[in-house]
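# Residue-level structure breakdown
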Amino acid sequence: GYEQAPEDFSAVNVMVNVFGGSPQSLLFQNVREKLSLCYYCAARYDKASGMMMVDSGVETGNEQKARDEILRQLELVKQGAFDDGELNSTILTISNALKSTVDTLSGLENWYLTQILSGTDESPLENAQKVSQITKDEIRAAASQITLDTVFFLAAKKEGQDQ
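Reference entry: report on the structure contained in this document. For clarity, every value in this text was computed on a predicted model and none was experimentally measured.

Calculation criteria
Residues numbered from 1 in each chain as written. Predicted model: local features only at pLDDT ≥ 70, side-chain atom pairs only at ≥ 80, totals over all residues. Heavy atoms only, no water. Phe/Tyr/Trp six-rings, centres within 6.5 Å; stacked < 30°, edge-to-face > 60°. Lys NZ or Arg CZ within 6 Å of the ring centre and 35° of its normal. 1 Å grid on protein atoms, 1.4 Å probe; cavity = no way out; pocket = protein on both sides within 12 Å on 5 of 7 lines; lining within 4 Å. Points joined across faces, edges and corners; volume = space filled by probe spheres on them. Helix = DSSP H or I, 4+ residues; strand = E, 2+ residues; numbered from the N terminus. Nonpolar A, V, L, I, M, F, W, Y, C, P; charged D, E, K, R; others polar.

### Concerning the packing of aromatic side chains
This structure, assessed with the given rule, holds one aromatic pair. Directly above the ring of Phe82 sits Lys136, whose terminal nitrogen or CZ lies 5.0 Å from the centroid.

Listed below in structure tokens is the structure:
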């Protein structure tokens, strides 16, 4: 999580998506695809709490390896060790999603409710313009503020097990 909620959500949004928010992300490409350490692995950011969360489906026995690799991928984002293609693809995906927000009444309602709750009045199109200008340095700065807070595993109760 963040010590303080960042003022500019745009850089955080792009950073989280480069890290683990899409099939092009480092988590998906490396932890899931290349290393096969989990069934799924994704990051999301909760603007209200200022927390980034990583969810993954990990096979029993791979917990520590997956945890270590997830943290290693975060370090790579902090170092800016992702290429321009990954960044451009992420920005395009986010920008297109923001631009399509204006296509439905419910999309607009959700957007502006979130804006009101966070004390801003930026339109989806204004935010898409901001997102399109995010730099690798801004992503590194956003990632550098992330600190590990809590790790937990949920597992099914095995037959004959009390807890």
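Don't stop here, the text continues.
### With respect to the layout of surface pockets
Space inside the largest pocket adds up to approximately 1,000 Å³. In this structure, the largest pocket is lined by 33 residues; those nearest its centre are Val54, Asp55, Thr150, Val151 and Phe152. Elements represented by at least two residues in the lining of the largest pocket include exactly β1 (38-46), β2 (51-58) and α3 (63-79). Partitioning the lining of the largest pocket into residue classes produces 19 nonpolar, six polar and eight charged.

### A word on unusual backbone geometry
Positioned with a positive phi, Ser36 is a non-glycine residue whose angle comes to about 50°. Locating Ser36 in the fold gives a position in the loop between α2 (26-34) and β1.

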